[in-house]
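# Residue-level structure breakdown
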Amino acid sequence: MYSLKKISWNQAFTFFLLLFAAATSFSIALTQIALTLAVILWIGLCLKEKRKPFPRTSLDWFFVAWLAMEVLSTLFSPGRYLALEHFVKRALLVPIVYLIAGSVQTKKQLRWLLLSLLGVMTIVAVIGIVKYHLGPGGLEGRLKLFNHYMTSGGLLMINGLLALAFVFSRAPRRVRLIALAAAVLMFFPLIYTYTRSSWLGYLAGFTFIILFTRWKLIFALIPAVLLAFWSAPSSLQDRLTSVVDPWHPNNIERTYMWQAGVRMVEHSPLYGYGDSEVGKRSEPYKSPQAKERAGHLHNNLIMFAVILGIPGLLIILGLFIRILATEWITLRSLAAEDWLLSGTALGALAAFIGFQINGLFEWNFGDAEVAMLMWLTVGLSLAAGRIRSAAG
C-alpha cells in the first residue's frame, strides 16, 4: 500500500484522469472534481518537467474564434450575467480536448482510459436494464440512469458507438467479443430511454461504422432494423413511427420552436442574444398555436445562431467541419491492423457524427454530461493520431 509520500504526481494525475473517464457515466459532480484535479496535476507535472502541457492542434483558431464570439454575445446579451454563467460552463469543457490529446501518449494509457470509460458505462447500463424492468416500463417509465433520460440517451449513444467500433475492428477475437457484449448491454438501456434523437444519432454512427469497415453489411442492416421494429412492443413502435410523422404533436412543437429561433436570429443577426433564458425569450416569436414551454429550442445550430448570431453560427459550423475533417484524416492514416488506434479513431468519429445528428433535435451542448463526453472523444481521436505520429 502506497503512503502519500510515495504517490508521485504522475500516479495522482493518472488516477484522477481515469476517475474522470469512469465518472462520466454516473456523476457530474465527481466528473468535474476529477477533471479539475487532473488538469491541475497535468499542468503542474508539465511545468515540473519543463514541457508544454497542451499540444497545438488544427482546431485551435476555431476554438479561439468561437470563444471570442461567446464573449461578444455575452457583452450584448439582455441577460448578461446568466449568459456569462452559461458561457463559462461551456468554455471550461474545451480543455478536455487538449488534456486527453496531450496526456494520453502511449497505447497502454489509451487502453486504460477506454477500459475506465466503457467498463463503468457497461456496469451502469446493466443497472439501467434492471431498473427499467423493475419499473412500469414503456414511455411513462422511460429509463433515467443517474440523470435525465435525454442525458442517459446521449451518454449511452456515444459510449455504445465507441464499443461498436471495436466490434468491427481487427482486434483479437476476445476483445471483439467483450466489445460486443458491452455494446449489446448499452443498446437495450438506450432503447429504454425512449429518446428519439439519441436513437437517430446511434443509427447514424452505426451506419458510418458499417460503411467504413464492412460496407456490404449495410444491406443486412436495413432488414435488421425492420425486423427489430416489427418485433418491438407497441409502445416502442409508436415512438419509432413518431420520428417520421410530421403531424405528431411533439414534432409540431419542435417546428414552432425552430421557427421562433429563426425569427429571433432575424431580429438580432450579428451577435445574438447570448445564452440567457433563450426558451423564455423565444415565446413572443412563437406561433400562437404553440403549447410547449421549453428552456431551449431543441436544435444545436438554431441555438448557436440565436446565442451568437450568424457570424457565430458560421464559426461553429467551421469548427464542426474541421473536427470531422481532422478525425477523418486521422482515421484514414491509421492501419486497420493497429486495432487499438484505428478502433479509437473510428469510434470517436462515429460518436461525433451521432452527436451531431442527435443535436438536430436537441440542445446537447447545453447538457454538460453529454458535451463533456463528446469533447473527450475528440481528444481521443487526436491522441490516437499523436501516438501513431510518435511511433513513426
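The preceding data block contains the structure.
One structure accompanies this document, and this report is about it. (Residues numbered from 1 in each chain as written. Predicted model: local features only at pLDDT ≥ 70, side-chain atom pairs only at ≥ 80, totals over all residues. Heavy atoms only, no water.)

### Overview of the overall build of the protein
Short version of the rule: Helix and strand definitions follow DSSP, with helices as H or I runs of at least four residues and strands as E runs of at least two, each counted in order from the N terminus. Note that the radius of gyration is over C-alpha atoms, with the globule rule given as 2.2 Å times the number of residues to the power 0.38. Relative accessibility under 20% of the residue-type maximum defines a buried residue, over 50% an exposed one, and the middle range a partly exposed one, all with a 1.4 Å probe and only protein chains included. Note on areas: these come from Shrake-Rupley sampling with a 1.4 Å probe, and a residue is covered only by the protein chains present in the view.
What the protein contains, in helices and strands, is 16 helices and zero strands. A globule of 392 residues ought to have a C-alpha radius of gyration of about 21 Å, and the protein, at 21 Å, matches this closely. For the protein, the spread of C-alpha atoms along the principal axes amounts to about 65 × 55 × 40 Å. Going through the 392 residues of the protein one by one, you find that 53% of them count as buried. When the accessible surface of the protein is totalled, it reaches about 18600 Å², and 69% of it is carbon and sulfur.

### Side note on the pattern of salt bridges
As a reminder of what qualifies: Only one rule defines a salt bridge in this text: a Lys or Arg side-chain nitrogen within 4 Å of an Asp or Glu carboxyl oxygen.
For the structure shown, the criterion picks out ten salt bridges. With its nearest N and O atoms 3.0 Å apart, the salt bridge here joins Arg 90 to Glu 70. A residue pair is termed long-range when its members are at least 10 positions apart, and Arg 90 in helix H4 (residues 80-91) and Glu 70 in helix H3 (residues 60-75) qualify at 20 residues. Summarising the burial analysis for this pair, Arg 90 and Glu 70 share the class buried.

### Here we look at the packing of helix H15 (residues 339-358) against helix H16 (residues 368-391)
Defined as follows: Note on geometry: axes are C-alpha line fits, over the in-contact stretch for helices, and angles between N-to-C directions span 0 to 180 degrees. Relative orientations are named as follows: roughly parallel for angles under 35 degrees, roughly antiparallel for angles over 145 degrees, roughly perpendicular for angles from 65 to 115 degrees, and oblique for any other angle. Each crossing gets its handedness from the near helix: less than a right angle anticlockwise from the far helix is left-handed, clockwise is right-handed. Contacts are assigned to residue pairs with any non-hydrogen atoms lying within 4.5 Å of each other. Amino acids are sorted into nonpolar (Ala, Val, Leu, Ile, Met, Phe, Trp, Tyr, Cys and Pro), charged (Asp, Glu, Lys and Arg) and polar (every other residue, Gly among them).
It is the contact of H15 with H16, at a shortest axis distance of 9 Å, that shows an interaxial angle of 150°. In this view, H15 runs roughly antiparallel relative to H16, as classed from their interaxial angle. As H15 runs across H16, the sense of the crossing is left-handed. The residues of H16 that touch H15, namely those facing Leu 341, Thr 344, Ala 348, Ala 351, Phe 352 and Phe 355, are Val 370, Ala 371, Met 374, Thr 377, Val 378, Leu 380, Ser 381, Ala 384, Ile 387 and Arg 388. When its residues are assigned to classes, the contact of H15 with H16 shows twelve nonpolar, three polar and one charged.

### Quick look at the environment of Leu 380
Along the chain, Leu 380 falls in helix H16. For Leu 380, a relative accessible area of 0% corresponds to the buried category. Taking the C-alpha atoms as reference, Leu 380 lies 6.4 Å from Ala 101; in sequence the two are 279 residues apart. The contacts of Leu 380, once residues within four sequence positions are left out, are Ile 100, Leu 110, Leu 113, Leu 114 and Thr 344.

### Details of the nonpolar core
Quick reminder of the rule: Residues enter a nonpolar core if they are buried and are Ala, Val, Leu, Ile, Met, Phe, Trp, Tyr or Cys, with the set joined through side-chain atoms within 4.5 Å.
The biggest cluster of nonpolar side chains holds 116 residues, and the ones touching the most others in it are Phe 63, Trp 66, Ile 96, Leu 164, Phe 304, Trp 375 and Val 378. With sequence-adjacent residues up to four places away left out, Leu 164 is seen in contact with Ala 183, Tyr 202, Phe 206 and Ile 209.

### Structural notes on the environment of Phe 13
In this structure, Phe 13 sits in helix H1 (residues 9-23). In this structure Phe 13 comes out as buried when scored by relative accessible area, which is 3%. For the pair Phe 13 and Ser 103, spaced 90 residues apart in sequence, the C-alpha to C-alpha distance is 9.6 Å.

### Topic: the layout of surface pockets
The condition is simple: We place a 1 Å grid over just the protein atoms. Points where a 1.4 Å probe fits but has no way out form a cavity, open points with protein on both sides within 12 Å along at least 5 of 7 lines form a pocket, and any residue with an atom within 4 Å of a point lines it. Grid points are joined across faces, edges and corners, and a volume is the space filled by probe spheres set on the points.
When its volume is computed, the largest pocket comes out at roughly 990 Å³. Of all the secondary-structure elements, those providing two or more residues to the lining of the largest pocket are helix H8 (173-192), helix H9 (196-213), helix H10 (218-231) and helix H11 (234-241). The element that contributes the greatest number of residues to the lining of the largest pocket is H10, accounting for eight residues. Class assignment for the residues of the lining of the largest pocket results in 28 nonpolar, two polar and one charged. In this model, the second largest pocket occupies a volume close to 480 Å³. Around the second largest pocket, the lining comprises 22 residues; the ones closest to its centre are His 86, Lys 89, Arg 90, Leu 93 and Ala 368. Broken down by element, the lining of the second largest pocket gets its largest block of residues, four residues, from helix H2 (residues 28-48). For the lining of the second largest pocket, the per-class residue count stands at twelve nonpolar, six polar and four charged.

### What about the side chain of Thr 377?
Relative to the assigned elements, Thr 377 resides in helix H16. Those residues in contact with Thr 377 that sit more than four places away from it in its chain are Ile 158, Leu 162, Glu 327, Ala 348 and Ala 351.

### Some remarks on the packing of aromatic side chains
Note the cut-off: Between 30 and 60 degrees the pair is tilted, below 30 it is stacked and above 60 it is edge-to-face, where a pair is any two Phe, Tyr or Trp rings, Trp via its six-membered ring, whose centres lie within 6.5 Å.
Summed over all chains, the structure comprises 28 aromatic pairs. An angle of 50° between the planes, with centres 6.4 Å apart, marks the rings of Trp 258 and Phe 361 as tilted. With Trp 258 in helix H12 (residues 249-267) and Phe 361 in the loop between H15 and H16, this pair connects stretches of sequence that are 103 residues apart. Accessibility expressed as a relative area gives 29% for Phe 361, which makes it partly exposed.

### Comments concerning unusual backbone geometry
Positive phi, normally seen in glycine, also occurs at Tyr 194, with a value near 55°. A residue is classified by how much of its surface remains accessible, and Tyr 194, at 1% relative accessible area, is buried.

### Quick look at a nonpolar patch on the surface
To keep it simple, the criterion reads: A residue counts toward a patch only above 30% relative accessible area and without a salt bridge, and it is joined to like-charged neighbours within 9 Å or, for Val, Leu, Ile, Met, Phe, Trp and Tyr, to nonpolar neighbours within 5 Å.
A grouping of Leu 177, Leu 180, Val 184, Phe 187 and Phe 188 is seen on the molecular surface, where their side chains present a nonpolar patch of about 400 Å² in accessible area. Along the chain, Val 184 turns up in helix H8. Judged by relative accessible area, Val 184 falls into the partly exposed class, the value being 38%.

### Some details on the packing of helix H6 (residues 107-134) against H15
Viewed as axis vectors pointing N to C, H6 and H15 meet at an angle of 50°, and their least axial separation amounts to 11 Å. The angle between the axes of H6 and H15 places the two elements in the oblique class. Along this stretch, H6 crosses H15, giving a crossing that reads as left-handed. Facing H6, whose interface residues are Lys 107, Leu 110, Arg 111 and Leu 114, H15 presents Leu 340, Leu 341 and Thr 344. Of the residues assigned to the contact of H6 with H15, the class counts are four nonpolar, one polar and two charged.

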